[in-house]
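Secondary and tertiary structure notes
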Amino acid sequence: QKEMVKSKYSVRKIMLLEFSQYLENYLWVNYSLEVSSKAYLMSICCMVNEKFRENVPAWETFQKKPEHFPHFFKCILSAALADESEGYSLRDQTILLLFLDHCFNSLEVDLIREQVQKLISLPMWVCLLKARLDLELKKTPKLKKFWSLIRKSDEKLSEKAREQADQERRFLSRLIKKFHTVLKLIPPSGSVSMDVVHYCERFIELMIDLEALLPTRRWFNTVLDDSHIVVHCYLSNLVQWEKEGHLFSQLLDMLKFYTGFEINDQTGVALTENEMTTIHYDRITSLQRAAFAHFPELHDFALSNVAAVDTRDSLQKIFGPLSPNSLHKVASYLCLLPALPENVDTTYEKEFLLELLVSRHERRISQIQQLNQMPLYPTEKIIWDENIVPTEYYSGEGCLALPKLNLQFLTLHDYLLRNFNLFRLESTYEIRQDIEDAVSRMKPWQSEYGGVVFGGWARMAQPIVTFTVVEVAKPNIGENWPARVRADVTVNLNVRHQIKQEWEGLRKHDVCFLITVRPTQPYGTRLDWKKSFVEQTGLIYVRGCEVQGMLDDKGRVIEEGPEPKPELKGDLRTFRVFLDPNQYQQDMTNTIQSGAEDVYENFNIIMRRKPKENNFKAVLETIRNLMNTECVVPDWLHDIILGYGDPGSAHYSKMPNQICTLDFNDTFLSTDHLKACFPDHVLKVSADSVTLQKPPFKITFSVKGNRGVKRKGENEDIDSEKNALFVEPHVIPNRGPYPYNQPKCNTIPFTPTQIEAIRAGMQPGLTMVVGPPGTGKTDVAVQIISNLYHNFPEQRTLIVTHSNQALNQLFEKIMALDIDERHLLRMGHGEEELETEKDFSRYGRVNYVLARRLELLREVGRLQESLGVPGDVSYTCETAGHFFLYQVMSRWEQYLSKVRPKGGKTVDITAVSEFFPFHKYFANAPQPIFKGQSLEEDMEIAEGCFRHIKKIFTQLEEFRAFELLRSGLDRSKYLLVKEAKIIAMTCTHAALKRHDLVELGFKYDNILMEEAAQILEIETFIPLLLQNPEDGFSRLKRWIMIGDHHQLPPVIKNMAFQKYSNMEQSLFTRFVRLGVPTVDLDAQGRARASLCNLYNWRYKNLGNLPHVQLLPEFRCANAGLLYDFQLINVEDFNGVGESEPNPYFYQNLGEAEYAVALFMYMRLLGYPAERISILTTYNGQKHLIRDVINQRCGNNPFIGRPNKVTTVDRFQGQQNDYIILSLVRTKAVGHLRDVRRLVVAMSRARLGLYIFGRVSLFQNCFELTPAFSQLTARPLQLHIIPMEYYPTERKNGEHPNHPVHVIKNMPEMANFVYNMYMHMLESARQYRQFYASQQLLPPPALGQESEPVQVSTEEEDGEDIENDTKPESTSETTVEVEGEKEEEAATKDEEHHKMPEHPGRDSDSEGEEDED
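We now turn to the structure provided with this report. Remember, predicted model here, so these are calculated numbers, not experimental data.

The rules we used
Chains are numbered independently. Their residues run from 1 in the order of the written sequence. Local features are withheld for residues below a pLDDT of 70 in this predicted model, meaning they are given only at 70 or higher, and side-chain atom pairs are given and counted only at 80 or more; totals for whole chains, interfaces and linings count all residues. Water and hydrogen atoms were dropped before computing side-chain values, which therefore reflect all heavy atoms in the structure. In this text, helices come from DSSP runs of H or I with a minimum length of four residues, and strands from runs of E with a minimum of two, each type numbered from the N-terminal end. Each radius of gyration is computed over the set of C-alpha atoms, and the globule rule expresses the reference value as 2.2 Å times the number of residues to the power 0.38. Residue burial is assigned from relative accessible area. The probe radius is 1.4 Å, only protein chains are included, and a residue is buried under 20% of its type maximum, exposed over 50%, and partly exposed in between. Any two residues having at least one pair of non-hydrogen atoms within 4.5 Å are treated as being in contact. Cavities and pockets are defined on a 1 Å grid built over the protein atoms alone: a cavity is a set of grid points where a 1.4 Å probe fits but cannot escape, while a pocket is an open set with protein on both sides within 12 Å along at least five of seven lines, and lining residues are those with an atom within 4 Å of any such point. Grid points are joined across faces, edges and corners, and a volume is the space filled by probe spheres set on the points. Lys, Arg, Asp and Glu make up the charged group, whereas Ala, Val, Leu, Ile, Met, Phe, Trp, Tyr, Cys and Pro make up the nonpolar group; the residues left over, Gly among them, are polar. Paired strands, as defined in this entry, are two strands with at least two bridges between them according to DSSP. Here an axis means a line fitted to C-alpha atoms, over the contact stretch when the element is a helix, while the angle between two N-to-C directions is reported on a 0 to 180 degree scale. In this text, buried Ala, Val, Leu, Ile, Met, Phe, Trp, Tyr and Cys residues form a nonpolar core when linked through side-chain atoms within 4.5 Å. Residues scored as positive are Lys and Arg, those scored as negative are Asp and Glu, and His as well as the terminal groups of each chain are ignored. The working definition used for a salt bridge is a side-chain nitrogen of Lys or Arg within 4 Å of a carboxyl oxygen of Asp or Glu.

Turning to the overall build of the chain, a few remarks are in order. Within the chain one finds 55 helices and 30 strands. The C-alpha atoms of the chain give a radius of gyration of 37 Å, which matches the 35 Å a tight globule of 1412 residues would have. By the burial criterion, 55% of the 1412 residues in the chain qualify as buried. Across the chain, every contact between residues at least 6 apart in sequence was considered, and the portion connecting residues at least 24 apart equals 77%.

Okay, here's the thing in structure tokens:
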């Protein structure tokens, strides 16, 4: 405590204490009633607050020893109300407020909820005014009953218990009064104590959080309203302080918003605009009635119509002249203040009384109206406001004026609004970075004549030559802003051809920013990054705009399309852009009313952004449109999304429309597999003979019905029925005689848990599958899709994933199953990366359909010829349809009448083949078509042949629309809306294109989301609403989410949004926290069992599939290495551990060199380069390792480059056989302390994992103990077996036949690898000389150990970041001239002694997230 108080609660001191498990190992273990001193309490609160700041679990320690928590909590409550005289300073109490806020935000923890509920429940209304209490109870009669029950139960309590209960009920009311006294401490001028300001900010934050949660708001909102705290705050001195009170004012606006939120506090139902208007009118009319009855001076007001008196100005005119006593009487009549006794003057100031009445009765603009009037582009006022868009390096100490995403939301509107604001501000942060980068590169300076001169240039920005507003359209009816505003921007593109093309390539809807700078600094001044960017560059205005297109010579917009763009002469280019009408209206109003300058006459820079990062406006428009439409979420999902009710209510077992019988198609491989998948069930198979008990199976489950009370005797029968499964094998009808007619079948032996996930996915409701690394998430997803496709052919399934890569993996597996290709469609731009010849994009599918149509019509022509029918019937789908009806069907019916005669006559087996009318057509099928062994078999073959023919005509009938629709666009729309049954897109594409999809009438019944734990909350929600509701109901039947919340969450670049607002929490994670039932896959088949142990402790019983123990690759040891995983300790190299050339750009040269040396060693032993990846936890280290590789071995054909060098975060979802991992940090654990990052890092390797790090640092980290205790159980120095080449015969765990060499440090390893390399070169040279003297062709000396190097030098975002030279294959390099070998050895020697420099941030880091 002394340490902390002395350092004024320094974050660094608290971090050290928390990291050393001060709370777990000392404070809470030893806590008892006797030791609960002030210092003890404050220490515990500091540790809990620090855990929340670091984003690590905070309550686990208390849950292990919960008996003292109630007493501890009681002490905290009394400390929070204590005076400074009792030893609690305001700084102490600010810490206590933060602790309480964390408690109220952790209602999912039972231990916390029990204590918090005592503070906030109906009994807390004892602190209301008597008149107000009666009014509230009268509004809700049900509460009146509860109130009388509470009164009765209170009477039975002992004196002490009643006093304790009263303290708890009045706690928040007393806290509000305490805050009021603190707020008064702030003087109107002079100096202000920041401790007081911070206390006030934290208090308002606590009030906002209590108002924004329905369980607390329900009772607290009335208490808060009765205290008039919002009015007191708006009239306080703190609001007048421009700088110190800025954050307080912003928080106050948020609190005001939530106090008047459009919701019924008691029922939790969202209020419509009409209901809000009714409430407003009721308030005014009750005021008018009071005025009419008791205040003759307000007679005119009482008789006025509501619209004439409900504005702020008119209310102030009416009530302003009244005396304070009269105002008090009006307020007390409305139950707002206690009654004023006769002949006693009021103690309240007139300003307060007036504001109380005015703010309560003024007309409020509705939330949706406010939102529609809000500009979507950020301006300079928001972009550089640290309270709402904090810098990258937010420490987590102060509070911010940002909404939070926790477990529960008030209404869908609240849910969307919080996400809208956070998404908007997070995009603003990225826009700020882009503006600062582009403007600083342009180097704006003041010219000699006072104008602007640009001393530099930027790829993404250009000086504006001219800017003119060309159209301001009239407002739409009912709006006060223009319908549209368009402007022309001219720039001079006197730049490199490639950059000129980029500017000319600006497309419709691309967003640009118009900037005004008026620099005050003379020519040649350098920017100082430590000082304000805005002041140095003289940046005055920023406005957003959306490109409509580039203008041609005649001033017309060049339309996008297949036609080539016209060639324009010269360098001047003019773009037509749309400005934001809301922003334009605000700016013009400001110009007219306050005489400010016209913003739109001064722009001198236009900035564009990378298209990938520039979709924020479209997403914001989508969210805004959602809030303006009647959001129809299925009834079974509504409460779960808001976080209320039974979290398991949408599980299939509780759904009213559960399906009894399901066709599992090819899910099971055999009857034994089926039995193994349902170990607790009794199988009743309908087919008696074993030969018939073959998949596919239809299974009938016993569905629980609520059919009244069971009699005792029935219980046993019902239990046995419940466990019985009725299995019905069925034969898939013959599809035709060609080999390609045979259905493709699943070959994966699913585990019982995977089968449960598949079963849940086929049933209606919400299915959540937690898939640890390597447990076959994608296979389960694909099987669910396939089964839905076959069980419900009329339904459509939407697949949504986070990344194009995951979508492509899913698609490649779907194509391998029995799903008709014409029903698949892939939306967005990722289809180019599909590793297949086929194009599944919209236009690709249109081309497929047209090509397929021609193919099928050719088949019709062949059939016509075989039947000898004259005429051209294969010309169109329509003529083919007539041909089928009149020629094919008639022959088939005639044939059936011969082989299936009436009257039960027997038919000769040869008749089936003899009368068959399509022999000639099927002449190209494998012969003979008919086996002639049994009548049933031959009849099935004949019907299969007819099914084949019929399918041709069914498809042509489906394709007929493509003959009528002429344009590619119409055809692609038809395909999307009518033809496709399985539609796939990324969550970003869904958010961008929602409007277009809804307009088209897009429909779907099922959603399957892969990587659901990596998708932002709002991007998970939008795909639920890509269709219009039918009769006010959503047609969505199933929502399947597959993800892993123990791996990394969505990427949020700004720490403040990530930590303070909890924006990184995915909807999947929130559902898990709420207790929604999940199916946890429990068998992995990716990694060795020993590697799996490094992360399986994080999951519920994660085991291994049998092949992990049986396959040779898992049983063999890693050649040349004694262990299959090892943590290698790396001490400082040349006295340096981690370094930080730029903030948060961490590097560690010793580890980088060691990791590369190990890679080179493995390559020299013969490991293929594509099976090794080097990962690290920081971007800075990634760049350093790439530099070291370029210097040491990148262009060396013997060694080459590894498959990937990237960060752990970027490698999520990928895997490789051998992973070399660098942990970088040596001073603090950093962001590896997030266990999710550790799980990802440990689970990327299949066969070998080698980790370089500072052991003393990481082994002391409490959260990482389960993994690091296993790692440190093995030697901490690298153990290698240099004489053992790849691949080895040695079994994993066996002692090697060759000597083991222990490497002590990095320089030793580097020297060892260098000597080994030189020795190999020398051996190869002698080998070659020997064979040259024998005049024989030299065999590939090193080729035995080293396979050809296939190097993937591609960066994740598709840019080639390494050198252009690709290494040749090793077999060629062995036949080199002797002199070349020596020369290469010499250069290698030179390179070895040359250490790489620290790279700064290079262009490569732009496309990637900055970890930490």
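Counted according to the given criterion, the structure contains 11 cavities of 30 Å³ or more. In this structure, the largest cavity spans a volume of roughly 170 Å³. Lining the largest cavity are 17 residues, and of these Ile-208, Asp-209, Ala-212, Lys-404 and Arg-418 lie nearest its centre. Of all the secondary-structure elements, those providing two or more residues to the lining of the largest cavity are α12 (194-211) and α16 (246-259). Of the residues assigned to the lining of the largest cavity, the class counts are 10 nonpolar, 3 polar and 4 charged.

The strand order across the open sheet formed by 4 strands is β9-β11-β12-β10, and the pairing between neighbours is mixed. Strands with a single pairing partner mark the edges of an open sheet, and in this sheet they are β9 (661-663) and β10 (682-685). For this sheet the average axis-to-axis angle between neighbouring strands, irrespective of direction, equals 25°. Across 4 bridges, strand β11 (residues 697-700) lies against strand β12 (residues 724-729) in antiparallel orientation. Its bridge partner being in β12, Ile-699 is matched across the sheet by Val-727.

Counting residues in hydrophobic clusters, the biggest one holds 233 residues, and the most contacted among them are Trp-125, Leu-766, Phe-918 and Trp-1039. For this core, the element with the highest residue contribution is helix α25 (residues 412-442), accounting for 14 residues. In contact with Trp-125, not counting residues within four places along its chain, are Leu-133, Glu-136, Leu-137, Leu-143, Trp-147, Arg-218, Trp-219, Thr-222, Val-223 and Gln-266. Grouped together as the second largest cluster of nonpolar side chains are 49 residues, Phe-1114, Tyr-1154, Cys-1193 and Ile-1303 included.

Here Lys-981 shows up in the loop between α40 (968-979) and β16 (982-986). Here Lys-981 occupies a buried position and makes no salt bridge, while the nearest side chain of opposite charge, Glu-958, is found at 6.1 Å. Aside from chain neighbours lying at most four places away, what touches Lys-981 is Tyr-789, Pro-793, Gln-795, Arg-796, Thr-797 and His-823.

This next bit is on the sheet that holds strand β27 (residues 1216-1222). Strands sit in the order β22-β28-β27-β25-β26 across an open sheet of 5 strands; the sheet is parallel. Of all the strands in the sheet, just β22 (1125-1129) and β26 (1204-1207) have a single pairing partner and so form its edges. Sheet twist, expressed as the mean angle between neighbouring strand axes with direction ignored, is 20°. As judged from the 6 bridges shared by β27 and strand β28 (residues 1245-1253), these two strands associate in the parallel manner. What sits directly across from Asn-1216, in β28, is Ala-1245. Contacts from helix α49 (residues 1179-1192) reach β25 (1172-1176), β26 and β27 within the one sheet, and its direction differs from that of β26 by about 160°.

Moving on: the pairing of strand β17 (residues 1006-1009). Across the two faces of β17 the burial is the same, with Asn-1006 and Leu-1008 and Ile-1007 and Met-1009 all buried. Sheet analysis places strand β14 (residues 797-801) next to β17, joined by 4 bridges and oriented parallel. Its bridge partner lying in β17, Ile-799 is registered against Leu-1008. Direction of pairing for β17 relative to strand β18 (residues 1038-1043): parallel, over a ladder of 4 bridges. Bridge pairing in β18 places Leu-1008 opposite Ile-1040.

Time to look at the environment of Pro-375. With respect to the helices and strands, Pro-375 occurs in the loop between α23 (367-372) and α24 (380-383). Through-space distance from the C-alpha of Pro-375 to that of Pro-581 is 7.8 Å; in sequence the pair is 206 residues apart.

The next subject is the pattern of salt bridges. Under the criterion given, the structure shown has 81 salt bridges. A salt bridge links Lys-38 to Asp-92; its shortest N-O distance comes to 3.0 Å. One end of the pair, Lys-38, is in helix α4 (residues 38-54); the other, Asp-92, is in helix α7 (residues 90-104), and 54 residues separate them in sequence. For Glu-1064, the salt bridge is made with Arg-1236, and the minimal N-O distance between the two is 2.9 Å. One end of the pair, Glu-1064, is in the loop between α43 (1055-1060) and α44 (1067-1074); the other, Arg-1236, is in helix α50 (residues 1235-1242), and 172 residues separate them in sequence. Given a relative accessible area of 16%, Arg-1236 falls into the buried group. When salt bridges with common partners are traced through the structure, they connect Glu-18, Glu-24, Glu-50, Lys-51, Arg-53, Glu-54, Arg-1233 and Glu-1263 into a single cluster.

None of this, on its own, says anything about what the molecule does.
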